[in-house]
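# Geometric and topological summary
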Amino acid sequence: PNTPDPHGAWTNPMDSPSVVPHGPTDPPLRERVWQLSPGCCLSLAPGVYRGPIALPQDIELRAAGGLGSVTIECVQGGTLSVEGAERVRLVDLVLRGPKHGMGAVLRIYNPADVTIEGCLLTGGHGLGQGGGAIDIQQGRLKLDRCRLTQNTAMQGGALRAAGPVLVEVRNSVFANNVAAGV
């Protein structure tokens, strides 16, 4: 079933009975994630979803239409934040930062294992010292086949890791990010 292995990977996500479909015309995604059972895979139909979205429990968010078919964006503030979840997996999504104001595309402030596969993280503007695309202060982050581009911050234009963190990057591209500070 859709359960994390001890190394942070997930097994058979789309074959699991806990796969739940969700579309852009359904109730807001930021509300839906609070209604799911821990460990659920939310299969997102192609479209644009609005944030900010807090991830309160173990979850997988996956683009049902494949890479680039689903965009999660935010008008103001951070797009996604891990707030209580111990394991999060994001697959084939476009995660876009705020159109107005400041906020990282993804914030990880609790000790979670976060895996991001085949995603584009773009347009983030780090708040304070935070990274533009990803600001991680605790936990473990794995990036595989991702692209982090056109993000800005005082520190860590694309990624800022501060505190007890482990970051693993594979087959990913960091391009056109700007860090203005030290």
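Just so you know, the residues in each chain are numbered from 1, in the order the chain's sequence is written. For a predicted model such as this one, the threshold for reporting local features is a pLDDT of at least 70, and the threshold for listing and counting side-chain atom pairs is 80 or more; totals across whole chains, interfaces and linings nevertheless cover every residue. Excluded from the side-chain calculation are hydrogens and water; included are all heavy atoms of the structure.

### Focus on the sheet that holds strand E17 (residues 159–161)
Two modes of strand pairing occur in sheets, parallel and antiparallel, and in both the strands are linked by backbone hydrogen bonds. DSSP calls a pair of strands paired once it identifies at least 2 bridges connecting them. Segments assigned H or I by DSSP are reported as helices when at least four residues long, segments assigned E as strands when at least two residues long, and all are numbered from the N terminus. Read across the open sheet, the five strands follow the order E4-E7-E10-E13-E17; overall the sheet is parallel. The strands lining the two open edges of the sheet, one partner per strand, are strand E4 (53–55) and E17. Pairwise comparison of adjacent strand axes, ignoring direction, gives a mean angle of 10 degrees for this sheet. Taken together, the three bridges between E4 and strand E7 (residues 80–82) define a ladder with parallel strand orientation. Paired with Ala 54 across the strands is Ser 81, a residue of E7. Axes here refer to lines fitted to C-alpha atoms; in helices the fit is confined to the stretch in contact. Angles between the N-to-C directions go from 0 to 180 degrees.

### Focus: the pairing of strand E1 (residues 19–22)
Exposed residues in this analysis have more than 50% of their type's maximum accessible area, buried residues have under 20%, and partly exposed residues fall in between, with area computed by a 1.4 Å probe over protein chains only. Across the two faces of E1 the burial differs, with Val 20 and His 22 buried and Val 19 and Pro 21 not buried at all. Summarising the sheet, E1 and strand E2 (residues 40–44) pair through four bridges and their orientation is parallel. Bridge pairing in E2 places His 22 opposite Leu 44.

### Considering the environment of Arg 147
Position of Arg 147 relative to the elements: it lies in strand E15 (residues 147–149). Every residue pair with non-hydrogen atoms within 4.5 Å of one another is taken to be in contact. Ignoring sequence-local partners within four residues, the contact set of Arg 147 consists of Cys 119, Leu 120, Leu 121, Val 173 and Ala 175.

### Examining the nonpolar core
Here, the term nonpolar core denotes a set of buried Ala, Val, Leu, Ile, Met, Phe, Trp, Tyr and Cys residues that are joined through side-chain atoms within 4.5 Å. Of all hydrophobic cores here, the largest spans 38 residues; its most connected members are Ile 72, Leu 90, Leu 93, Ile 116 and Ile 134. Residue contacts for Leu 90: discarding those within four places in its chain leaves Leu 61, Leu 80, Leu 95, Leu 106, Thr 115, Ile 116, Glu 117 and Cys 119.

### Some words on the confidence of the model for the protein
Looking at the protein, pLDDT values average 88 and 90% of them are 70 or higher. As a per-residue quantity, pLDDT reports the predictor's confidence and falls between 0 and 100. Long-range and interchain partners of residues 1–17, a stretch whose pLDDT sits below 50, account for 42 contacts in this model, where long-range means more than four residues apart.

### Some details on the sheet that holds strand E19 (residues 173–175)
One open sheet accounts for six strands, arranged E3-E6-E9-E12-E15-E19; its pairing is parallel. A strand with exactly one partner marks an edge of an open sheet, and here the two such strands are strand E3 (47–50) and E19. The mean inter-strand angle of the sheet, taken between neighbouring strand axes irrespective of direction, is 15 degrees. Of the strand pairs in this sheet, E15 and E19 are connected by three bridges, and their pairing is parallel. Across the sheet, the residue bridging to Arg 147 is Val 173, located in E19.

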